[in-house]
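The primary structure of each chain is shown beneath.
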Amino acid sequence: MAEADHKILSAEIKLGSQYYFYMETQTALAVPDEDNCIVVYSSIQAPEYAESTISRCLGIPEHNVCVITRRVGGGFGGKAMKAMPVATACALAAYNLRRPVRMYMNRKTDMKTTGGRHPMEVTYNVGFKEDGKITALHLDILINAGIGTDISPIIPLFMVGAIKKYDWGAFSFDIKVCRTNHSSKSAMRGPGEVQGTFISEAVIEHVASVLSMDVDSFNMCNKWRQRGISRVPIVHEVLLRSNPGKVSILGDGSVAVEVGGIELGQGLWTKVKQMTAFSLSAIKCDGMGDFLDKIRIIQANTLSLIQEGLTAGSTTSECSCEAVRICCNILVERLTRIKENLQEQMGSVEWGILILEVEVNLLTGQTTILQSDIIYDCGQSLNPAVDLGQASTLCLGCFLQIEGAFVQGIGFFMLEEYLSNSDGLVIPEGTWTYKIPTIETIPRQFNVEIMNSGHHKKRLLSSKASGEPPLLLAVLVHCATRAVIKEARKQLLRWKGLNESDSTFQLEVPATMSIVKKLQCLL
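Please read all numbers here as calculations on a predicted model, not as lab measurements. (Residues numbered from 1 in each chain as written. Predicted model: local features only at pLDDT ≥ 70, side-chain atom pairs only at ≥ 80, totals over all residues. Heavy atoms only, no water.)

### Topic: the pattern of salt bridges
Working step 1: Counted according to the given criterion, the structure contains eight salt bridges.
Working step 2: With its nearest N and O atoms 2.8 Å apart, the salt bridge here joins Lys165 to Glu201. Within this pair, whereas Lys165 is found in the loop between helix H4 (155-163) and strand E8 (170-179), its partner Glu201 is found in helix H5 (residues 193-211), the two being separated by 36 residues in sequence. Like Lys165, the residue Glu201 is buried in the burial classification. (Salt bridge = Lys/Arg side-chain N within 4 Å of Asp/Glu carboxyl O. Helix = DSSP H or I, 4+ residues; strand = E, 2+ residues; numbered from the N terminus. Buried < 20%, exposed > 50% of the residue type's maximum accessible area, 1.4 Å probe, protein only.)

### Topic: the confidence of the model for the protein chain
Working step 1: Counting all residues, the mean pLDDT for the protein chain is 85, and 88% of those residues have values of 70 or more.
Working step 2: In this model residues 390-399 is a low-confidence stretch, pLDDT under 50, and it forms 15 contacts with partners more than four residues away in sequence or in other chains. (pLDDT = per-residue confidence, 0-100. Contact = heavy atoms within 4.5 Å.)

### Comments concerning the packing of H4 against H5
Working step 1: Viewed as axis vectors pointing N to C, H4 and H5 meet at an angle of 35 degrees, and their least axial separation amounts to 7 Å. In the packing of H4 onto H5, the handedness of the crossing is right-handed. Residues Phe158, Met159, Ala162 and Ile163 of H4 lie in contact with H5, whose contacting residues are Glu193, Gln195, Gly196, Thr197, Ile199 and Ser200.
Working step 2: Considered class by class, the residues forming the contact of H4 with H5 number five nonpolar, four polar and one charged. (Axes fitted to C-alpha atoms, helices over the stretch in contact; angles between N-to-C directions. Left-handed = near helix turned anticlockwise from the far one by under 90°. Nonpolar A, V, L, I, M, F, W, Y, C, P; charged D, E, K, R; others polar.)

### Structural notes on the packing of aromatic side chains
Working step 1: Taken as a whole and judged by the stated rule, the model has 13 aromatic pairs.
Working step 2: Here the aromatic rings of Phe21 and Tyr434 are separated by 5.9 Å at their centres, their planes lie at 5 degrees, and the arrangement is stacked.
Working step 3: Note on Phe171 and Phe173: the rings are 5.5 Å apart at their centroids and 45 degrees apart in plane angle, and the pair reads as tilted.
Working step 4: Using a relative accessible area of 24% as the deciding quantity, one classes Phe171 as partly exposed.
Working step 5: Ring-pair connections join several aromatic residues into one group, and the members of that group are Tyr19, Tyr20, Phe21, Tyr22, Tyr418 and Tyr434.
Working step 6: Above the ring of Tyr22, the side-chain terminus of Lys79 is found at 4.4 Å from the ring centroid.
Working step 7: A cation over a ring is seen here: Arg98 above Tyr95, with NZ or CZ 5.7 Å from the ring centre. (Phe/Tyr/Trp six-rings, centres within 6.5 Å; stacked < 30°, edge-to-face > 60°. Lys NZ or Arg CZ within 6 Å of the ring centre and 35° of its normal.)

### Here's the deal with the nonpolar core
Working step 1: In this structure, Tyr124, Val126, Ile141, Ile374, Phe406 and Phe413 are the most contacted members of the largest nonpolar core, which totals 70 residues.
Working step 2: Among all residues touching Ile141, those that are not within four sequence positions of it are Met120, Glu121, Val122, Met159, Asp174, Ile175, Lys176 and Ile199.
Working step 3: Ile38, Val67, Met84 and Ala91 belong to the second-largest nonpolar core, a separate cluster that totals 21 residues. (Core = buried A, V, L, I, M, F, W, Y, C linked by side-chain atoms within 4.5 Å.)

### Brief notes about the side chain of Ser186
Working step 1: For Ser186, the location among the structural elements is in the loop between E8 and H5.
Working step 2: Looking at Ser186, its side chain comes within polar contact range of the side chain of Asp150, at 2.7 Å.
Working step 3: Apart from the residues lying within four places of it in its own chain, the contact partners of Ser186 are Tyr20, Gly77, Met81, Lys82, Gly116, Arg117, His118, Asp150 and Ile151. (Polar contact = N/O pair within 3.5 Å; in protein donor to acceptor, adjacent residues only side chain to side chain.)

### Some details on the sheet that holds strand E7 (residues 134-146)
Working step 1: In spatial order, the strands read E1-E6-E7-E8; together these four strands make up an open sheet with mixed pairing. Here the strands that pair on one side only, and so sit at the sheet edges, are strand E1 (6-15) and E8. Ignoring strand direction, the axes of neighbouring strands in this sheet form an average angle of 10 degrees.
Working step 2: Looking at chain direction, strand E6 (residues 120-128) and E7 are connected through nine bridges and run antiparallel. Looking across to E7, one finds that Met120 is bridged to Ile143.
Working step 3: In the packing of H4 onto the sheet, contacts are made with E6, E7 and E8, and the angle to E8 comes to roughly 150 degrees.
Working step 4: With respect to the sheet, H5 is in contact with E1, E6 and E7, its orientation differing from that of E1 by roughly 140 degrees. (Pairing = 2+ DSSP bridges.)

### Observations concerning the packing of H5 against helix H11 (residues 475-496)
Each pair of packed helices can be described by the angle between their axes along with the distance between the axes.
Working step 1: Following both chains from N to C, one finds H5 and H11 inclined at 25 degrees, their axes separated by 10 Å at the closest point. Looking at the two axes, H5 sits roughly parallel to H11. The chirality of how H5 crosses H11 is right-handed. In this structure, H5 uses Thr197, Phe198, Glu201, Glu205, Ala208 and Ser209 to contact H11, whose residues at the interface are Val475, His478, Cys479, Arg482 and Lys486.
Working step 2: Split by residue class, the contact of H5 with H11 holds four nonpolar, three polar and four charged. (Parallel < 35°, antiparallel > 145°, perpendicular 65-115°, else oblique.)

As structure tokens, this is what we get:
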């Protein structure tokens, strides 16, 4: 810090929470079975965790508990830990009453209990030279974990990884995870990384603002509509998890496949089915035809496949495909020997970047995303259509992977106020008071291109994660909006004949219409 020509001291950033807003709320069905067993159908991202918890609650061995998850109607992390209390309560009632019990939460109850993304309060000190080179950065971060631990202790790890994408010189931090009277917070798509990305960009924007290093063109000629363009890099650390798989070839040549990963709408089953067809096609037998039609992905359960782990972190598709590929290679090796024997006997048997433009109505504060251009490095994508996203209807639930993650990020940075009252209770009860992205808030022109960066030795099947990293790109919407507000404030100062350099401010998250309008000094 001593080497710095300029210093910014005790600047503050506040980041709010965000609700998961999956289509299917928390739900479970428990059915008593013979021999003191119980079968639980749960909408959960980690069936293995539910099996263990239910076993301890009922006082029975884990082999007496079978948890089945065919698919989940949206998760984003909210069905990882938060689904276990519902599944366990349902199992306890069914076990004691000896009859089937079904439980589900309505949207109001789900919003008040599931927690969501971790709110944070950040204070930072940054030193930098006249040319913009940052020499030191210190962060004091308070993370609101709510009333329970959940996964909160690992949030700082993900945050620091995202913040360190820039060379800050002397970098130090003091991160505290705080217990509060709010509902317990949990993992949500890009946990810690979304906040870390925003913090790093907010510091950069603040430094640039002090040094007046940004340039305006369009906005000088327009009074009531202003535009902003921003470009930022993202870094996402991929954590690989073990994942089981089983491939069975039946007597008629059809194939049944089981994997530990849960289908959350990310296209996992589609990718697994393609990998099975690709790997088994190496046998090269006559009559295979359209081999995809002969493959079926069947639901696994906690007894048929153990150590299923957690479906999260954007790598479950790759890990599941790798497990299936290994199984198929073993089968191909065995069948090749059989094929050779038959031939002898019978003769012949055949990285991401985003450029974005926004427009703000200075009278209302409404922010419109005119165009976004995303180029995303998927390595060698397992399924470009799934990773890119095919929007058959204009709702958030129809977007996949890259597009869906980016739109959800727009909600976090620009729309979704997940507020609590003084008693720590969640205020919103549905879409009437909690605003999620709609057709009016997504980019008018939404361009996404997948870049094939070729073979990667250190990545499974040369594929890269596509579920969470694109969400980090949405920070650009906030940055571009901030650029517009800055120009609007300068314009107002010019009208008043005041010094334009006094335009430093903090734009809250989410940057709602009222906040944007207020910061433009037009309210």
